[in-house]
Structures are given as C-alpha cells and as structure tokens.
Amino acid sequence: MAISTFGASVTSTEHSHEYLAQARDFKINFVSQNGDLNKGITPIEGLLAALGSCETIVTSSVYDKNNFAYNDFYLQLNLKDSIFHADFYLGDHADMFADVKRSIKETSPVYDNIVRAIPIKVSK
Amino acid sequence: MMDDQVITTKTNVGLQVDANIRGIHHIVIDEPEFNGGTDTGITPVELELTALGASLQEETEKFAEENNFAYRKLTVNLEGDIDLEGMHGNPDIPNGFQEIRIKFIFDTDNSQDKIDDLVKNIIRNSRIYHLISEKIPVVNAIVRKESK
C-alpha cells in the first residue's frame, strides 16, 4: 500500500458566479456556466481538462517507451449526451493507439474515476 | 447537445501538459516529483477535485438565490486517496480515488437544518458530483488526418 492523499479547496469570492480554487500553491479561477466566461473556466471544462491532461500524460509515457518526440500529438475533449469523448490526434504514430488505450485503462486515475464511480462522503 | 471543448497538448517539459480552454484560458498541469513530474502545475486529480468543488459552489449560489439562503462565504475542502501502486499499473488495485471526502465550511447565520437541506439539494443537482460518483463512459477514439 502506497496511499497518497490529494487535496484542494474552492472558495466563494466577493463576485457572484466566480470561485477561486487552490491545490497546494496552484490557483485556478472558476466561473459558473452563467458567469463571465472570460474570467475563468467552468466546472465541466475543469473536469475535461483533468481527463485530457491525465490521458495526455499516459500517452506521453507510451511515446517515451518508443523514443518518439512529442511534436505532433494532442487530444480534443468534449462531453456530449453524458458521454466523455477524447479524440486523439497522434500524427505519424496513430498505429500506437491500441497501446495508448490499454495504458489509459491500466494507469490513468482520472479515466478510472469517471468510468468506475467513486464513493463520495460529505460533511458539514 | 455539444458541451464544452478542451484541447490538451504535451509540452517538452517533463510530464507537463497545456490545457487550452476555448482559446482563452490555459492551465499548466504536471505531476509532483515523487510521481515522475517536475511539479510545475496542478495535477490532473487535483484539477478533478477543484472541478467538483466549483460545481458545488455553483449549485450553492443558485440554490441560495432561489431560496433566500444568505451566506457570507463558503469554502469547500476536498480530499481523495490514491494507492500509487494502482496508478503505476498493479491490476489488483484501482488506479483512481478510493474515495473522495468533501467538507463544507459556511460562514452564515442560517441554522444547521437549513445548511443540511441546502447541501442535500446541491449534491442532487451538481452535474460533476454525478459524473464522478456514477459510472460514465469515456470514448477514446483515434482521429486520422487525411494525407496531403
């Protein structure tokens, strides 16, 4: 067992529809779906970025194993009808996609969190 | 209905990733050194927790406006435990959170009963809460560009 605890906090601000999130020293401005979208990201966008970045890191590990450069891959994510979609643009390395998908299933925590259903405990 | 769209790109710095949101916002995402990164940004699982907390803030504000629930400040603290052996490929251990704990800290004159009622309602309505606590499909697909 090598348990690590990750934490974050989100605080209301003096401006309606704007929230300040912090994890360690890193801060992110969030806005509600009805807020000023120039001032921050929405919660859904935050979750899409979490999933996309996690799958991107896993993809880069597959690239590393094959000594590929990171010069031409990116992911495009959206949520449509309550299904997450991650479109992979792997350029010249599209034939690696089966390895990438397997690695994501085996090692991506955010992917796992979405497909597995995580118990949540609430206290006030 | 198409919701939001995000593009993530690997940078050339360690495990660092750039998340581009609507071409307006960029978030730097990385892993801590103990997990192979260079600690230049928030981790993906921390970002997931902040998205959940922001969703709960959004629903709180909406419920408060509709139900005359006044509060001066709300802090949502979130924690999640991960067994790194699972994240590193042990098939017998889940690689995501084992559980998530949320604590609401209100600065308000409302009674505990009213706070309890509010929390019950916002959890029911928080889209991110449901996306994490229920099984949701993720479709990973390859897109091949046409040869020039």
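Everything quoted here is computed from the prediction, not taken from an experiment.

A. Seen up close, the domain arrangement of chain A. Each assigned domain of chain A is listed with its residue range as follows: domain 1 (8-41) and domain 2 (43-122). The C-alpha centroid of domain 2 of chain A is placed 24 Å from the C-alpha centroid of domain 1 of chain A.

B. Quick peek at the packing of aromatic side chains. All names here are of chain A. With the rule as written, the count across this model stands at eight aromatic pairs over all chains. Between Tyr-74 and Tyr-89 the ring centres are 4.5 Å apart and the planes differ by 5°, which places this aromatic pair in the stacked class. In this pair, Tyr-74 sits in strand β4 (residues 74-80) while Tyr-89 sits in strand β5 (residues 83-89), placing the two residues 15 residues apart along the sequence. For Tyr-74, a relative accessible area of 22% gives the class partly exposed.

C. Focus on the pairing of strand β4 (residues 73-83) of chain B. Within β4 of chain B, eight of the eleven residues are buried, which leaves the element mostly enclosed by the surrounding structure. One ladder, built from nine bridges, connects strand β1 (residues 3-12) of chain A with β4 of chain B; its direction is antiparallel. Across the sheet, residue Ser-9 of chain A finds its bridge partner in β4 of chain B, namely Asn-77 of chain B.

D. Expanded view of the nonpolar core. Counting 78 residues, the largest nonpolar core has Phe-84 of chain A together with Ile-27, Leu-52, Ile-100, Ile-102 and Phe-104 of chain B as the members making the most contacts within it. Element by element, the count of residues in this core is highest for helix α1 (residues 43-65) of chain A, at eleven residues. Setting aside residues up to four positions removed in sequence, Leu-52 of chain B forms contacts with Ile-120 of chain A together with Leu-78, Ile-100, Ile-102, Ile-128, Tyr-129 and Ile-132 of chain B.

So, how was this worked out
Residues numbered from 1 in each chain as written. Chains lettered and ligands numbered in written order. Predicted model: local features only at pLDDT ≥ 70, side-chain atom pairs only at ≥ 80, totals over all residues. Heavy atoms only, no water. Domains from an automatic or database assignment. Phe/Tyr/Trp six-rings, centres within 6.5 Å; stacked < 30°, edge-to-face > 60°. Helix = DSSP H or I, 4+ residues; strand = E, 2+ residues; numbered from the N terminus. Buried < 20%, exposed > 50% of the residue type's maximum accessible area, 1.4 Å probe, protein only. Pairing = 2+ DSSP bridges. Core = buried A, V, L, I, M, F, W, Y, C linked by side-chain atoms within 4.5 Å. Contact = heavy atoms within 4.5 Å.

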